[in-house]
Amino acid sequence: MSAHILRIESLRAQNYRALRDVQIKGITPLTVFLGPNGSGKSTIFDVFAFLSECFSAGLRKAWDRRGRFKELRTRGADGPIVFELKYREEPGSPLITYHLAIDEESKGPFVSEEWLQWRRGKQGKPFRFLNFRQGKGNVVSGDMPDGGKPISEGLASREMIAVNTLGQLAKHPRVSALRQFVTGWYLSYLTTEHSRGAPEAGAQERLSATGDNLPNVIQYLKERHGRRLRRILDTLSRRVPRLESVDAEIMADGRLLLQIKDAPFTQPILAKYASDGTLKMLAYLTVLYDPEPPQLVGIEEPENHLHPRLLPELAEECRTASARTQLMVTTHSPFFVNGLKSEELWVFYRDEMGYTQAVKAAGMKGVKDFMRHGAQLGQLWMEGHFPVGDPLTASGGPRTSRKA
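Counting restarts for each chain: residues are numbered from 1 in the order of the written sequence. Under the rules for a predicted model, residues below a pLDDT of 70 receive no local features and side-chain atom pairs below 80 are neither given nor counted, while totals for whole chains, interfaces and linings still include all residues. Values reported for side chains reflect all heavy atoms of the structure, with hydrogen atoms and water molecules removed beforehand.

Draft legend 1. Quick peek at unusual backbone geometry. For Asn15, which is not a glycine, the phi torsion comes out positive at approximately 65°. If you trace the backbone, Asn15 turns up in strand 1 (residues 7–16). Here the term buried applies to any residue with accessible area under 20% of the maximum for its type, exposed to any over 50%, and partly exposed to those in between, with areas from a 1.4 Å probe on protein chains only. Judged by its relative accessible area of 5%, Asn15 is buried. Note on conventions: DSSP H or I runs of at least 4 residues are helices, E runs of at least 2 residues are strands, and numbering of each starts at the N terminus.

This is the structure we're talking about:
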């Protein structure tokens, strides 16, 4: 694990699908997005997926996969799609802003503008140490780039991302830190169908996005991190009654079988016969207890296949893990929300124009007072104390917008 954790403090997205102009400020180590179907919370999740794919697979591939400008740009909007991240490389370090604007022409997508800037101290003037327009620009190298001289650079193509290209060079440590951060994001789309398979044997450090290598990760933990695996299984056994052990066994044909044993029985069962909830919880725990976690983990709708009583405890597991990584989670579940603090929850809805808006639960009138007297967030949401986010009232929008 790295010596420090780069953390995002703010995200702004413009002209990306329903996100006409959405800004999430004060992002916490654990941040959860709640809202009705179609409210835009999964689109925020896809912002991270899109950026990650742009860095790992290239802009054009990420662009084409999502239907290009026709499907990506907000309906009725003009201009480029813009993303802006504000982050710190470690606590107390300068706040850095990354700005990326993407446009399209007949030949395909291109980066119309890209820059990195920081402000050292509260009174200092922002200094751009990377500044590119359509494949041409300049960058300042060194650990403290505001003391250096800009060097002109040209990229081979306008669709190349400057941070992804120049971040591979050791002489640009600030740029490199962002590149390593984005390329290392882990975004989970776990399905129990994939985790029931029998992959080829071989230890693997990290769970795949779908969870199809769960037996390989268990093998890796068994061989390299026995104590960590024991903690995972101890936690799992407290959530799943009578579960005794989980093992990955290599078959004669070289495949790997995940086996789960219940306490009353002498023989384990194969993972393909285990309950969806057991496999889903096991998969989540391997992510949350990763010995060397990625610096950002995204989990979409963890409540699927899990008993509601387990969800507040899963939220607490997420908060514990957020000491070593940053977690972004989408959910529909009031039971998961019951395990959250008001600063950790953002509620999404569509305004009258059809654009996504986001409100932090901590800023909602009365929420903090209710919680000081013992109320839980999920209860407050279900009882109608949130001004937005109820799919049966004003389509999830503000109640005050309903007029006779």
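Having seen the structure, we can now continue with the description.
Draft legend 2. Geometry of the packing of aromatic side chains. Here a Phe, Tyr or Trp ring, Trp counted by its six-membered ring, pairs with any other such ring whose centre lies within 6.5 Å, and the pair is stacked when the planes are under 30 degrees apart, edge-to-face when over 60, and tilted otherwise. This structure, assessed with the given rule, holds 10 aromatic pairs. A ring pair is formed by Phe181 and Trp185, whose centres lie 5.4 Å apart and whose planes are at 85°; its orientation type is edge-to-face. Since its relative accessible area comes to 2%, Phe181 is described here as buried. For Trp185, a relative accessible area of 8% corresponds to the buried category. Grouped by ring-pair contacts, the aromatic residues Tyr16, Phe50, Trp63, Phe69 and Phe83 constitute a single cluster. Lysine and arginine charges are scored as sitting over a ring when NZ or CZ, respectively, is within 6 Å of the ring centre and within 35 degrees of the ring normal. Of note, Arg128 hangs over the ring of Trp115, and the distance from its end group to the ring centre comes to 3.9 Å. Over the face of the ring belonging to Phe110 we find Arg158, whose NZ or CZ atom lies 4.2 Å from the ring centre.

Draft legend 3. Region of interest: helix 8 (residues 226–239). Here the expected length of a helix is defined as 1.5 Å per residue gap, with one fewer gap than residues. Here helix 8 spans 20 Å end to end across 14 residues, near enough to the 20 Å set by a 1.5 Å rise per residue. Along helix 8, the residues that are buried comprise Leu229, Ile232, Leu233, Thr235, Leu236 and Arg239. All buried residues of helix 8 project into a common sector of 160° when viewed along the axis, lining one side. Structural note: helix 8 exposes Arg227 and Arg238 on the side pointing more than 90 degrees away from its buried face. Directions from the helix axis toward the C-beta atoms define the arc.

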